[in-house]
Amino acid sequence: MGTTASQLGKDLLSEYQELTFLTKQEILLAQKRFTELLTKDEKNLPNTRVPMERILTLPELKSNPFRKRICHVFSTSEQKDGSLTFEDFLDLLSAFSDSATLEIKSHYAFRIFDFDDDGTLDYGDLEKLVNCLTGETDDTRLTTEEMRQLIGNILEESDIDKDGTVNLSEFQHVISRSPDFVSSFKIVL
Amino acid sequence: MPRSNLITSENDIEIGLDLAGDEEEEEEEVSTLQEEQRRERQRGRRRDGDRERKKRKNDRSRETSTAGEGEEEEEKRERGRRRREKSDRETEGRERNTEGNGRGKSGKTEKTRKNIKNEKTRKMEAEEEEEAGERKTKKKKREERTKEREREEEEEKPKLTEKKKKKKKKKKKKVETSSEQESSEEEENQEEDKEEEKEVRPESLTPEELEKLKEAVDEKKKLIQGLRGKPWPMKKKLLTLRESQEFVEKYEGALGKGKGRKLYAYKVMMTKKWMKFQRDFENFKTACIPWEMKIKEIESHFGSSVASYFLFLRWMYGINMILFGLTFGLVMVPEALMGRPYGSIPRKTVPRAEETSAMDFAVLWDFGGYAQYSVLFYGYYNNQRAIGWLKFRMPLSYFLVGVGTVAYSYMVVIRTMARNANESGVGDDNSFNFSWKMFTSWDYLIGNTETADNKFASITTSFKEAILEEQESRKDDNIHLTRFLRVLANFLVLCCLAGSGYLIYFVVRRSQKFALDGLENHTWWERNEVNMVMSLLGMFCPMLFDVISTLENYHPRVALQWQLGRIFALFLGNLYTFIIALMDEINLKREEEKIVKFNITMWEASLHNATESENSTAATVTIIQPADVPRGPCWETMVGQEFVRLIISDTMTTYITLLIGDFLRAVLVRFLNYCWCWDLEAGFPSYSEFDVSGNVLGLIFNQGMIWMGAFYAPCLPALNVLRLHVSMYLQCWAVMCCNVPQERVFKASGSNNFYMAMLLVILFLSTLPAIYTIVTIPPSFDCGPFSGKKRMFDVIQETLESDFPAWFGKVFSYASNPGLVLPFILLMVLAIYYLQSTSKSYKEANVELKKKLQTQNEENKKKNKRAALKAQMDLEEARKAAIKTPEHQKNNNASVKVPEDGDEQHRGSQRQNNCRNGRNLPPPRHQEQPPPNTRAPVSRSYHYGNQGPPGYLPGHPRHSEPRMCRAPNLQRH
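First, a word on scope: everything that follows refers to the structure included in this document. As a convention, each chain's residues are numbered from 1 in the sequence order in which they are written. Here every chain gets a letter starting at A, and every ligand a number starting at 1, in the order they are written. Only residues with pLDDT of at least 70 get local features here, since the model is predicted, and only at 80 or more are side-chain atom pairs given and counted; chain-wide, interface and lining totals rely on the full set of residues. Here the side-chain values reflect all heavy atoms present in the structure, with hydrogen atoms and water set aside.

Observations regarding the overall build of chain A
So, step 1. Assigned secondary structure in chain A consists of 12 helices and two strands.
So, step 2. In sequence order, chain A lays out its α and β elements as α-α-α-α-α-α-α-α-β-α-α-β-α-α.
So, step 3. Out of the 189 residues belonging to chain A, those deemed buried represent 58%.
So, step 4. Where accessible areas are quoted, they stem from the Shrake-Rupley method and a 1.4 Å probe; at the residue level, only the protein chains shown are allowed to cover. Carbon and sulfur atoms make up 51% of the accessible area of chain A, which totals about 8,100 Å². Note on conventions: DSSP H or I runs of at least 4 residues are helices, E runs of at least 2 residues are strands, and numbering of each starts at the N terminus. When a residue's accessible area, from a 1.4 Å probe over protein chains only, is under 20% of the maximum for its type it is buried; when over 50% it is exposed; and in between it is partly exposed.

Put into structure tokens, the structure is as follows:
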């Protein structure tokens, strides 16, 4: 197996730099981390997909409640199994990097929160989102009454056209005025 | 006749071709053409009208002609545009022909060109025919022809537009198309590219085309730049990037001609190199940011709030580096290199009395002995105006660096504050309280399970709190008790503050007494009492405050702010007591100085007498060593020493508390847990949390002391850099190895400007005493760069007088005249007032606009509701009507499901028509009498479609969209 640098190729590296918000070092680091996830025989194959279970062993994603959603959103796999190629992985890191723009961050955040992939955040999505945020344990979970109230308030605030769901533009409107979205929507290797 | 017609039409095209370069003229021409044709048509119509009056034959044809008039005009314009385009192509082709290379590869374009030409000629022919001879032919025929033409053109249109798009390679279009189509299209494009590559030679391009190509290239470049901001998968991005790069590379070289071409190619190459360099430089810069990886590691373990402390520390480090650079480069190094060497004059020599102990470590640790008589302190500097072969103006430089450090610090702090305010200023309003809690509360950086659990808990509580607050303002069960407790707590805190203030004052006074007695007679504690007491107070009082604040029962966030405010007050009080005590000491020293001055004159006189008596001056000069010369106490050096000692002891306490409070505790808890009666890790001592706010405050106060003392001890920034450097590593290590994540995870950005504001306050408060001493107290007579002057700032005056031409001094004196300064200040005040009032009015306007938006929103909602209701009524009527005619339904049920997507637009337009025609129009009438639209069958299927799905929701008002006419959308749900 060649070294990481030769494997990636100079042209490809510069293209990746052009296309992502990552620096050269970050791409190389990502490459290193990604190859660590591969098994021995997979290493020799180009464009291997790493299944979601193995991606989720990364410590950066391990304790994230949205880890599965993140994999699904960034996966280009046709089976919708959340497996990632290296390029998908780079996309993920780029969207979560320091210098990514608010637009791209909010776009992906929306897709992550959109649990049923139907293009809007409806009541079910929001409920799942709240459950993700409050953790799995029973003592932190909200009661149905609280949940109803909370989601009602959220829809009251951000559902501007009052169709009962939050769509992408409404979501981006809300997010763009938040002071700490950009600083917290980050994952670094 | 037809022959001549043909010729004229050809001419027409030729003219069009010639003018291809100039769009405006072209347009003009087209318009004139249109004008002519319209006139001609009008003439025809008049004739037609006559004929019609005679015949009154068919209504239908008239209708279409009136309706078609507008369309025709449109058509004409369209044609003109297309002709222009085509002419472009033709020029291309023609020029190629004139070039004379009969390569057969141009097939495609050539063919199309021919086609177009043929069509064109045919059309022209038709027109000319009309104009010349066909006046008697029936109107029907003409109509037929126009229809035909229409069809032809409609066929032609997509072809041409596609061509154009391909030529320009608009990516936007591609974005819309699905990926499969895209790939096929791309192949086509590439083929086209190849063709074009062979075809397009820079010499054969018209300027317009060049312009177009350039535009396309620029577009590509923009696309490449914006590509990373697009939420596409990497594959797509890569493909697009490669293609566009290929395109750019292909055509960039082709642009420009001859000499210009070379220049252009050179420019392109340089920009490429420059881009690469920039990217490498960017990489280099990020690689150069110190501690980036460390901070990221901490970030992933403890979340952004702990990391924010380290970011702040790094920022501080940067500022101190610059301060250090200023003082080191402009004051210390010149003095060390070019100033008089050590031992040449009294102020640069250790006095005889201290010589024996000058190298002792205890003395050096206190910055006495050799350390005191070195470049590290104010007193060492000579008042010689210019030193060394560079004629470096030492006193001036010293003064300006002192002013510069303060000015720079102000600038940086204020700029950072402004930037922070810009970033967070938008989110001040509370309108999205819940949504933000929901969408932005997770910190994606958290990679530690424990932190994540804490975060879950804190998010849950914040949700619950928010819900509670929303439901009702919480009622206090015993408001009197709470109030009493709060008052009590504040009283206790005040007592603490006053006590600590008195303690410091007392200690400083005592230390002065000790100093008068001579330091050697006292123990280490007595000598370092002041600093130790201050550090200990700074350590224990916050804990006390924390205990007291539990009495108050505030919301955690409010409690944190109170806590911070109290610690701030404590530190400030301590610092100011210290300064006041120092001022007392300065005054004492000055008294002493007076006596010494008197003594010195006496001593000099006696010396003089001695020389006179001995009559050999040379001998006495050799006898008197600089070390033996009596000298004043030099209060400036004393102040500097005090600050340096303070910093050192502060640093030491910080490190020791870190080691004991965090490390030792962690070790004990970890290892004693095996043999202890209760669970140490979960129970009382447990592990310590990282105290972000306390650490930030410590840093801020440390910086305040630096600012205060830097003027009298140029070594302070250097010391601080060292301290920050060490604490970066030490604290990083301590956090990672012996702290646990916080129980309450606070957001970093919320308090960012709060800390900055504190820093600004401290900066102001610390420059105050420094400026006061500089301005009001005369410098010592025998030490420092300003000795012999009345005030320190006289050095400016001196420089102006001796180093600048006379007129400059005059101008300066005029400028500093109160008559000029006062109006200037007044003007500034006015400007500030003006700016503030404008900003206020902007804010008001903002609020107004917001209100307007809201009302508009509500109105829209109401409108939608009304529209939805009306639509619902319409629909019901339609249904009733439809029920009456069930056989229709049967017939058309099959066709109901066919028009799904393709007809959607038609339906939309249909609906719009409905809206415009008045919503009360009952649909059955539509059925009987289709609207004046050619797409009647679609409308019919639409009406049947309404009844198709059985259980639709009848016009739920909340589902209506802002657009008026979209309401009927619902029925398909």
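Text resumes after the structure shown.
Section: the nonpolar core
So, step 1. Residue types Ala, Val, Leu, Ile, Met, Phe, Trp, Tyr and Cys, when buried and joined through side-chain atoms within 4.5 Å, form a set referred to as a nonpolar core. Among the nonpolar cores identified, the biggest contains 102 residues, and Phe 310, Val 644 and Met 792 of chain B are the most heavily contacted of them.
So, step 2. Two residues form a contact once any of their heavy atoms are found within 4.5 Å. The contact partners of Met 792 of chain B, leaving out residues within four places of it in the chain, are Tyr 378, Phe 399, Trp 635, Glu 636, Phe 711, Tyr 712, Ile 774, Pro 779 and Phe 786 of chain B.
So, step 3. Formed by 79 residues, the second largest nonpolar core is a distinct cluster that contains Tyr 108 and Ala 109 of chain A together with Phe 456 and Ile 467 of chain B.

A short note on unusual backbone geometry
The phi torsion of most residues other than glycine is negative, and most of the peptide bonds are trans.
Residue and element names in this part refer to chain B.
So, step 1. Here Trp 291, not a glycine, exhibits a phi torsion of approximately 65 degrees, which is positive.
So, step 2. Tracing the backbone through its elements, the reader meets Trp 291 in the loop between helix H10 (258-288) and helix H11 (292-302).
So, step 3. Owing to a relative accessible area of 10%, Trp 291 belongs among the buried residues under this scheme.

Some words on helix H7 (residues 86-95) of chain A
Count 3.6 residues to each turn of an α-helix, and residues three or four apart come out pointing the same way.
So, step 1. Counted residue by residue, H7 of chain A has 10 buried out of 10 residues, so it is predominantly covered.
So, step 2. Within H7 of chain A, burial applies to Phe 86, Glu 87, Asp 88, Phe 89, Leu 90, Asp 91, Leu 92, Leu 93, Ser 94 and Ala 95 of chain A.

A short note on the interface of chain A and chain B
So, step 1. Contacts between the two partners involve 71 residues from chain A, matched on the other side by 65 residues from chain B.
So, step 2. By buried area we mean how much accessible surface two parts lose on assembly, using a 1.4 Å probe and totalling the loss over both. Counting each side, the surface lost to burial between chain A and chain B is near 6,100 Å², with a carbon and sulfur contribution of 60%.
So, step 3. Salt bridge, as applied in this entry: a Lys or Arg side-chain nitrogen positioned within 4 Å of an Asp or Glu carboxyl oxygen. Run the count over chain A and chain B and you get three salt bridges.
So, step 4. One salt bridge connects Arg 242 of chain B with Glu 15 of chain A, and the closest N-O pair in it is separated by 3.3 Å.
So, step 5. Polar contact criterion, stated in full: a pair of N or O atoms within 3.5 Å, where within protein one must be able to donate a hydrogen and the other to accept it, and residues adjacent in sequence count only if both atoms are side-chain atoms. At the boundary of chain A with chain B, the tally comes to five residue pairs in polar contact (both at pLDDT 80 or more).
So, step 6. When its residues are assigned to classes, the side of chain A that touches chain B shows 32 nonpolar, 20 polar and 19 charged. Residues were grouped as follows: Ala, Val, Leu, Ile, Met, Phe, Trp, Tyr, Cys and Pro as nonpolar; Asp, Glu, Lys and Arg as charged; and all remaining residues, including Gly, as polar.

Some words on the state of the cysteines
All names here are of chain B.
So, step 1. The criterion for a disulfide is a pair of cysteine sulfur atoms lying within 2.5 Å. Applying the stated rule across the entire model yields one disulfide over all chains.
So, step 2. Paired through a disulfide, Cys 634 and Cys 783 show a sulfur-sulfur distance of 1.9 Å. In this structure, the disulfide formed by Cys 634 and Cys 783 twists by about 95 degrees around the S-S bond and is classed as right-handed. Residue Cys 634 is found in the loop between helix H22 (617-623) and helix H23 (635-672), and its partner Cys 783 is found in the loop between helix H26 (748-776) and helix H27 (794-803); the two are separated by 149 residues along the sequence.
So, step 3. Accessibility expressed as a relative area gives 8% for Cys 634, which makes it buried.
So, step 4. Of the residues examined, Cys 783 reaches a relative accessible area of 5% and is grouped as buried.

Some remarks on a positive patch on the surface
Residues and elements named next belong to chain B.
So, step 1. Patches here: salt-bridge-free residues with over 30% relative accessible area, like charges joined within 9 Å, nonpolar side chains (Val, Leu, Ile, Met, Phe, Trp, Tyr) joined within 5 Å. Neither His nor the chain ends is counted toward charge; the positive residues are Lys and Arg and the negative residues Asp and Glu. Charged groups are reduced to one reference atom each: NZ for lysine, CZ for arginine, CG for aspartic acid, CD for glutamic acid. A contiguous patch of positive charge on the surface is contributed by Lys 861, Lys 862, Lys 863, Lys 865, Arg 866 and Lys 870.
So, step 2. For Lys 870, the location among the structural elements is in helix H29 (residues 818-884).
So, step 3. With a relative accessible area of 38%, Lys 870 lands in the partly exposed category.

Comments concerning the packing of helix H12 (residues 304-338) of chain B against helix H25 (residues 716-738) of chain B
Residue and element names in this part refer to chain B.
So, step 1. All axes here are fitted lines through C-alpha atoms, helices being fitted over the stretch that makes contact, and every angle between N-to-C directions spans 0 to 180 degrees. Contact geometry for H12 and H25: axes closest at 8 Å, N-to-C directions at 160 degrees. It follows that H12 is roughly antiparallel to H25 by the angle criterion. Crossing of H12 against H25: the hand is left-handed. Where H12 approaches H25, its residues Val 306, Tyr 309, Phe 310, Leu 313, Met 316, Tyr 317, Asn 320, Met 321, Leu 323, Phe 324 and Thr 327 are matched on the opposing element by Pro 717, Ala 718, Asn 720, Val 721, Leu 724, His 725, Ser 727, Met 728, Gln 731, Cys 732 and Val 735.
So, step 2. Split into classes, the residues belonging to the contact of H12 with H25 amount to 16 nonpolar, six polar and no charged. Roughly parallel here means an angle under 35 degrees, roughly antiparallel means over 145, roughly perpendicular means 65 to 115, and every remaining angle is called oblique. Each crossing gets its handedness from the near helix: less than a right angle anticlockwise from the far helix is left-handed, clockwise is right-handed.

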